[in-house]
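Residues per chain, in single letters:
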Amino acid sequence: MPATVIDGRALAARLREEVATQVASMQEPPGLATLLVGDDAASEIYVRNKRRLCTQVGMRDLHRHLPADVSQGELAAIISDLNADPAVTGILLQLPLPKHLRADDLLALIDPDKDVDGLTEASAGRLALGKPGLRPCTPSGVIRMLDSAGVELRGRHAVVVGRSNLVGKPQAQLLLERDATVSICHRHTTDLAAITRTADVLVVAAGVPHLVGADAVAPGATVIDVGIHRTDTGLCGDVDTAAVAEVAGAVTPVPGGVGPMTIAMLLWNTVEAARLRSAATAAAV
Ligand code: ADP
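Residues numbered from 1 in each chain as written. Predicted model: local features only at pLDDT ≥ 70, side-chain atom pairs only at ≥ 80, totals over all residues. Heavy atoms only, no water.

It is worth spelling out the pairing of strand E6 (residues 157–161) at this point. Taken across its five residues, E6 has five buried, putting it largely inside the fold. Residues His 157, Val 159 and Val 161 line one face of E6 and the alternating positions Ala 158 and Val 160 line the opposite face, and both faces are buried. The pairing of E6 with strand E7 (residues 181–185) spans five bridges and is classified as parallel. Bridge pairing in E7 places Val 160 opposite Ile 184. In this sheet, strand E8 (residues 201–204) lies alongside E6 in parallel orientation, the contact comprising four bridges. Along E8, the bridge assignment pairs Val 161 with Val 204. (Buried < 20%, exposed > 50% of the residue type's maximum accessible area, 1.4 Å probe, protein only. Helix = DSSP H or I, 4+ residues; strand = E, 2+ residues; numbered from the N terminus. Pairing = 2+ DSSP bridges.)

Turning our attention to the side chain of Arg 16. Mapped onto the secondary structure, Arg 16 falls in helix H1 (residues 8–24). Those residues within four positions of Arg 16 in sequence are excluded, and the remaining contacts are Leu 53, Gln 56, Val 57, Ala 264 and Leu 267. (Contact = heavy atoms within 4.5 Å.)

Quick look at the sheet that holds strand E1 (residues 4–5) now. Spatially, E1-E12-E9-E8-E6-E7 is the arrangement adopted by the six strands of the open sheet, whose pairing is parallel. Unpaired on one side and paired on the other, E1 and E7 mark the two borders of the sheet. Note that E8 and strand E9 (residues 222–225) share four bridges and pair parallel. Looking at E9, one finds that Val 201 is bridged to Thr 222.

Once that is clear, we can look at the nonpolar core. Residues Val 19, Met 59, Leu 146 and Leu 175 are the most contacted members of the largest nonpolar core, which totals 45 residues. Those elements giving two or more residues to this core turn out to be H1, helix H2 (41–56), helix H6 (137–148), E6, helix H7 (168–177), E8 and helix H10 (258–284). The biggest single contributor to this core is H10, with 10 residues. Both domains that meet at this core, namely domain 1 (28–111) and domain 2 (136–259), each give it at least three residues. Leave out the neighbours within four places in its chain, and Met 59 touches Val 19, Val 23, Pro 29, Pro 30, Cys 54, Leu 267, Thr 270 and Val 271. If you look at the next biggest cluster of nonpolar residues, it comprises 19 residues, including Cys 185, Ala 221, Val 223 and Val 239. (Core = buried A, V, L, I, M, F, W, Y, C linked by side-chain atoms within 4.5 Å. Domains from an automatic or database assignment.)

On the UniProt side, "domain: Tetrahydrofolate dehydrogenase/cyclohydrolase NAD(P)-binding" (unreviewed entry) is annotated at positions that read residues 136–275 here. Structurally, residues 136–275 comprises 35% helix and 19% strand, and the distance from its first C-alpha atom to its last is 17 Å. (UniProt positions renumbered as here; feature names shortened; annotations may be inferred.)

Moving on, we get to helix H3 (residues 72–84). Helix length check: H3, at 13 residues, gives a terminal C-alpha distance of 19 Å against a target of 18 Å (1.5 Å per residue), a fit within 8%. Gln 72, Leu 75, Ala 76, Ile 78, Ile 79 and Leu 82 are the residues of H3 that are buried. The buried residues of H3 occupy an angular sector of 160° when the element is viewed end-on, so they sit on one face. Of the residues in H3, the exposed ones pointing more than 90 degrees away from the buried face are Asp 81 and Ala 84. Buried-residue contacts for H3 involve strand E2 (31–37), strand E4 (64–66), strand E5 (90–93) and helix H4 (103–107). (Expected span 1.5 Å × (residues − 1). Arc of directions from axis to C-beta.)

What follows concerns the site of the ligand. With respect to spatial proximity, 13 residues lie near the ligand, and among them Arg 163, Ser 164, His 186, Arg 187 and Ala 206 are the closest. Within the contact set of the ligand, an oxygen atom lies 2.9 Å away from a backbone nitrogen or oxygen of Arg 187. At a separation of 3.4 Å, an oxygen atom of the ligand approaches a polar backbone atom of Ala 205. Alone, the ligand offers 580 Å² of accessible surface; in the complex the protein occludes 71% of this. Class assignment of the residues belonging to the shell around the ligand gives a composition of eight nonpolar, three polar and two charged. (Near = heavy atom within 4 Å. Polar contact = N/O pair within 3.5 Å; in protein donor to acceptor, adjacent residues only side chain to side chain. Areas by Shrake-Rupley, 256 points an atom, 1.4 Å probe, with all protein chains shown as cover. Nonpolar A, V, L, I, M, F, W, Y, C, P; charged D, E, K, R; others polar.)

Further remarks concern the pattern of salt bridges. Evaluation of the coordinates by the stated rule reveals nine salt bridges. For the salt bridge of Glu 177 with Arg 135, the shortest nitrogen-to-oxygen distance reads 3.6 Å. Of the two residues, Glu 177 is situated in helix H7 and Arg 135 in the loop between helix H5 (121–128) and H6; the sequence distance between them amounts to 42 residues. For the salt bridge of Asp 200 with Arg 156, the shortest nitrogen-to-oxygen distance reads 3.5 Å. Placement of the pair is Asp 200 in the loop between helix H8 (192–196) and E8 and Arg 156 in the loop between H6 and E6, with a sequence separation of 44 residues. Under the relative-accessibility criterion, Asp 200 is labelled partly exposed at 28%. The class of Arg 156 is partly exposed, set by a relative accessible area of 33%. (Salt bridge = Lys/Arg side-chain N within 4 Å of Asp/Glu carboxyl O.)

As structure tokens, this is what we get:
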């Protein structure tokens, strides 16, 4: 029987509605500061999308577009200003940055309570230690998709393909937090398919088109495809979805799977940042 397709677009739309309801109930709408440096075409599209949806859910769009030759010091000063500005709930530094800028050092300046991308060292540390904090958008979107599809995680074998700081590593930690038994595969894994075939839940974030085929998936498994690649015939993911759908229990499409959830989680994190701040303020009084 062909697999159930987990509709990321529909889930993301529902999540955005949830966010909009929460924003409407707040005294002050949260503000999302997006920082775009230079004129990378793909980054411009990503940021435009984020800003559009931010406005759509009733948040303040606090965008800054900086010239490609902005200096490390100037950008650092802007981040400090945003950290100090009470109208700014979340800060997003769109990557990649031009070569002359040290992205890691700049990310490290972002106040962890405003780190809505969840990618700073502080946020990664909080996740690793199981402390409250803002989680990276893509892997937390994946957890939401699994939850909404009714996939049990406790005690199940979850296999993550990829160990990037952006997806694989935090994904493994989030699955661990949900009591799954987690294996992480990467480019040095010998016999990848032998391991992925033992997965109840398989999350693929390797950046390799069609890395996972039907022979690498157990019957009935849930397969989440984080990859997205532009090919001559359109977009495809890290999973050969058509073939895998004949074996798996559930799959995510590309496009229309994990992608839309990632932006919805960014908006969710911005609401979460507002909540963390009001909790911190209440605790300080
Ligand atoms: P992303 O940001 O999508 O996670 P990266 O390029 O940062 O992508 O990371 C790719 C990850 O995928 C790395 O951790 C790498 O080890 C893993 N990877 C790449 N190729 C393979 C492969 N053939 N088999 C298993 N893992 C792979």
